[in-house]
Every structure is written in C-alpha cells, then in structure tokens.
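What the coordinates show
What follows is each chain in one-letter form.
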Amino acid sequence: MSTQTFGEIIKNLREENELVLRQVAAALDVDQAIISKFEKGERKPNREQVLAFAKFFNTKADDLLVAWLSDKVVYELEDEDVALKALQVAEEKVKYQRKVKK
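Now for a look at the structure at hand.

1. Focus on the packing of helix H1 (residues 6-16) against helix H5 (residues 61-77)
It is the contact of H1 with H5, at a shortest axis distance of 8 Å, that shows an interaxial angle of 145 degrees. On H5, the residues touching Phe-6, Gly-7, Ile-9 and Ile-10 of H1 are Leu-64, Ala-67, Trp-68 and Asp-71. When the residues that make up the contact of H1 with H5 are grouped by side-chain class, the tally is six nonpolar, one polar and one charged.

Structure follows, in structure tokens:
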C-alpha cells in the first residue's frame with residue numbers, strides 16, 4: 001500500500017517518462033498550471049481526469065483511483081479526532097451496501 005498522494009504519483013510518472021508539464025498538458029488537453037496544481041495537491045482532479053492520466057501513463061487505473069479517492073477521504077477527515085472510527089464504520093457500510101445490491 002502506498003502513502004503517496006495522487007499528485008506525487010503523477011509527478012513521479014511524468015519525471016520517470018522524462019516529460020515536462022507542457023507535454024502532459026498538451027496530450028491530455030489540460031492547462032499545465034492545473035496539472036502543476038494536481039502534482040502539488042493544490043487542486044483535485046475529477047474522476048475522468050484521473051482515468052485520463054492512467055491511460056496516458058499506461059498505468060493501472062485502479063491504482064490511481066485508489067490514490068485519488070484516499071486523498072479525498074484524508075482531506076475530509078484529517079482534522080477529525082474520530083477519523084479512524086469513522087473509517088471503520090464506513091468500511092462496514094460499504095460491505096453492507098455491496099451485499100444488499102447483489
């Protein structure tokens with residue numbers, strides 16, 4: 001399990017592929033300033049953008065989605081004293097909802 005943020009992951013992928021922001025921005029039709037903000041964690045992409053990054057970097061979409069979703073959860077809960085308990089309850093709720101929907 002990785003503790004890297006979505007932004008850290010895409011920055012690493014970009015640098016590993018020896019690409020500059022401008023190249024990624026042009027390929028994804030996203031302003032390079034926005035991609036820079038994604039990398040710094042100053043702005044959050046939407047789900048479609050996450051999937052576009054996965055396709056562009058030829059990496060598993062699930063890995064980027066997990067990083068993106070976990071960033072969202074951390075952002076919401078980071079200052080809450082009962083965050084871990086809330087996550088445990090949420091996990092049980094997700095399991096229950098999946099069971100009910102089958």
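Moving on from the coordinates now.
2. Brief notes about a negative patch on the surface
A cluster of like negative charges, contributed by Glu-76, Glu-78, Asp-79, Glu-80 and Asp-81, occupies part of the molecular surface. As for its placement among the helices and strands, Glu-78 is situated in the loop between H5 and helix H6 (83-101).

3. Brief notes about helix H4 (residues 47-57)
Of the positions making up H4, those classed as buried are Val-50, Phe-53, Ala-54 and Phe-57. Buried residues of H4, seen end-on, are gathered within an arc of 100 degrees and therefore sit on one face of the element. Across H4 from its buried face, at more than 90 degrees, point the exposed residues Glu-48 and Lys-55. In this structure, the buried residues of H4 make contact with H1, helix H2 (21-28), helix H3 (32-40) and H5. Two or three places before Glu-48, at the opening of H4, Asn-46 has a side-chain oxygen 3.1 Å from that residue's backbone nitrogen. Asn-58 sits one or two positions beyond H4 and adopts a positive phi of about 55 degrees.

Procedures and definitions
Residues numbered from 1 in each chain as written. Predicted model: local features only at pLDDT ≥ 70, side-chain atom pairs only at ≥ 80, totals over all residues. Heavy atoms only, no water. Axes fitted to C-alpha atoms, helices over the stretch in contact; angles between N-to-C directions. Helix = DSSP H or I, 4+ residues; strand = E, 2+ residues; numbered from the N terminus. Contact = heavy atoms within 4.5 Å. Nonpolar A, V, L, I, M, F, W, Y, C, P; charged D, E, K, R; others polar. Patch = residues over 30% accessible without salt bridge, like charges linked within 9 Å, V, L, I, M, F, W, Y side chains within 5 Å. Areas by Shrake-Rupley, 256 points an atom, 1.4 Å probe, with all protein chains shown as cover. Salt bridge = Lys/Arg side-chain N within 4 Å of Asp/Glu carboxyl O. Lys, Arg positive; Asp, Glu negative; His and termini not counted. Charge placed at Lys NZ, Arg CZ, Asp CG, Glu CD. Buried < 20%, exposed > 50% of the residue type's maximum accessible area, 1.4 Å probe, protein only. Arc of directions from axis to C-beta. Polar contact = N/O pair within 3.5 Å; in protein donor to acceptor, adjacent residues only side chain to side chain.

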